[in-house]
Amino acid sequence: MQIIKTVAEARTWRAAKPRVALVPTMGNLHAGHLSLVAAARKIADHVVVSIFVNPLQFGPNEDLANYPRTFEADVAALEHAGVDAVFAPGVEEMYPAGGASATTVHVAGITEMLCGTSRPGHFDGVATVVTKLFNILTPDSALFGEKDYQQLAVVRRMAADLALPVVVEGGPTVREADGLAYSSRNAYLTPDERRRAVALSAAIDDVCARLAAGQQDFRSLEARGWAQLSDAGFDPDYFDIRDTDLAPATRQTTAFRVLAAGRLGRTRLIDNKGISRD
Ligand code: AMP
């Protein structure tokens, strides 16, 4: 497995490889990331995983400095998973102009709701770094987790709008035994918070079950989910019932996406699930 630190080396590695799949990550790898790697191996001859904690997607009061960095363990896990290359540039390699980028990518509409409201500028940072990774590695496919459902939608929309020559694939959310979605940020939780964190997936499950049973009062279902989060000690950012394109659900909607986010102590957690009914 090749460890690549520079854009120039990445371009050399990429040249003359027939089918390359990219899995972009911020490291601190867990079973969710590794499920995307396994899916990537099925669709491409060569798999590259990027590890880059992207400063552009963190707000001024967010956890950039404390974000868990576990490079040695990540490399070992990726080697074991049969990855061909790791692209792990430093900040100065990705943003040579003093860590900043004068050029950014903004995907209008879809970024102005849900996590876009609680994290202003976050999705511009994501869209910008993903564009840059696509330009450096020119992957045929790129894989993103449904765990970050809005992010996946933003990247899909960006790739379609700009005719980026890459197929964007989504992978299902991988969960711990109690239902909590794997996330690098779970490491911030105290043991007590970790026990209460299950409320996030449980509240989404509860609302999904009610939607599956035909309930139509979306506002009161959202309020119910919100209350379950509050009761467990979360400070919720949103609890929303949407359609699969993230428009608010209507009586005509048959395929729903239930999305929620909130802070448990100092840790912001997000999750979502889909539910269809005829
Ligand atoms: P991150 O390192 O948190 O930026 O995540 C890198 C990629 O892994 C993103 O496409 C995430 O959506 C995906 N991912 C994160 N957690 C999970 C999970 N529990 N299941 C599946 N994919 C995930």
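Residues numbered from 1 in each chain as written. Predicted model: local features only at pLDDT ≥ 70, side-chain atom pairs only at ≥ 80, totals over all residues. Heavy atoms only, no water.

Caption draft 1: Just the pattern of salt bridges, in detail. A complete count under the given rule lists 16 salt bridges for this structure. Measuring nitrogen to oxygen at the nearest pair gives 2.8 Å for the salt bridge that ties D271 to R175. Linking D271 in strand β9 (residues 267-276) with R175 in the loop between β6 (167-171) and α8 (191-196), this pair joins segments that are 96 residues apart in sequence. The partner of D206 in a salt bridge is R224, with the nearest N and O atoms 2.7 Å apart. Of this pair, D206 sits in helix α9 (residues 198-212) while R224 sits in helix α10 (residues 218-231), and the two are 18 residues apart along the sequence. Three or more residues are tied together by salt bridges with common partners; here these are E176, D178 and R194. (Salt bridge = Lys/Arg side-chain N within 4 Å of Asp/Glu carboxyl O. Helix = DSSP H or I, 4+ residues; strand = E, 2+ residues; numbered from the N terminus.)

Caption draft 2: The arrangement of the domain arrangement of the chain in detail. Segmenting the chain into domains produces domain 1 (2-171) and domain 2 (188-271). Of note, the centres of domain 1 and domain 2, computed from C-alpha atoms alone, are 26 Å apart. For the pairing of domain 1 and domain 2, the buried interface totals around 1200 Å² over both sides, and the portion due to carbon and sulfur atoms is 61%. Broken down residue by residue, the surface that domain 1 buries against domain 2 is led by L114, K147 and Y149, which jointly contribute 48%. At the boundary of domain 1 and domain 2, one finds one salt bridge. Taken together, the elements giving at least two residues each to the side of domain 1 that touches domain 2 come down to α5 (115-118) and α7 (149-161). Residue contributions to the side of domain 1 that touches domain 2 peak at three residues, all from α7. In terms of residue class, the side of domain 1 that touches domain 2 is made up of eight nonpolar, three polar and five charged. (Domains from an automatic or database assignment. Buried area = accessible area lost by both parts, 1.4 Å probe. Nonpolar A, V, L, I, M, F, W, Y, C, P; charged D, E, K, R; others polar.)

Caption draft 3: Broad picture of the sheet that holds strand β8 (residues 255-264). Strands sit in the order β7-β8-β9 across an open sheet of three strands; the sheet is antiparallel. Pairing within the sheet leaves two strands with one partner each, and these edge strands are β7 (235-243) and β9. Taking the axes of each pair of neighbouring strands and ignoring which way they run, one obtains an average angle of 10° across the sheet. Here β8 runs beside β9; their pairing, made up of ten bridges, is antiparallel. Residue pairing in the sheet places L264 in a bridge with T267 of β9. Against the sheet, α9 makes contact with β7, β8 and β9, and its axis sits at roughly 20° relative to β9, the strand it touches most. (Pairing = 2+ DSSP bridges. Axes fitted to C-alpha atoms, helices over the stretch in contact; angles between N-to-C directions. Contact = heavy atoms within 4.5 Å.)

Caption draft 4: Structural context of the nonpolar core. V48, F87, M94, V130, F134, F144 and L246 are the most contacted members of the largest nonpolar core, which totals 44 residues. Sorting the residues of this core by element identifies α1 (7-14), β2 (20-25), β4 (85-87), α6 (122-137), β5 (141-145), α7 and β8 as the ones contributing at least two each. If one sorts the elements of this core by residue count, α6 sits on top with nine residues. Apart from the residues within four sequence positions on either side, F144 is in contact with P24, L36, V130, F134, Q151, L152, V155, V168, E169, G170 and G171. (Core = buried A, V, L, I, M, F, W, Y, C linked by side-chain atoms within 4.5 Å. Buried < 20%, exposed > 50% of the residue type's maximum accessible area, 1.4 Å probe, protein only.)

Caption draft 5: View of the packing of aromatic side chains. Scanning the model with the defined rule gives three aromatic pairs in all. For the pair F58 and Y67, a centre-to-centre distance of 5.8 Å together with 80° between the ring planes defines the contact as edge-to-face. Each member of the pair, F58 together with Y67, is buried. Ring centres of F218 and F256 lie 5.7 Å apart, and the angle between their planes is 55°; on these two criteria the pair is classed as tilted. In this pair, F218 is assigned in helix α10 and F256 in strand β8, connecting sequence segments 38 residues apart. Since its relative accessible area comes to 6%, F218 is described here as buried. The lysine or arginine in question, K5, covers the ring of F71, its NZ or CZ lying 4.5 Å from the ring centre. (Phe/Tyr/Trp six-rings, centres within 6.5 Å; stacked < 30°, edge-to-face > 60°. Lys NZ or Arg CZ within 6 Å of the ring centre and 35° of its normal.)

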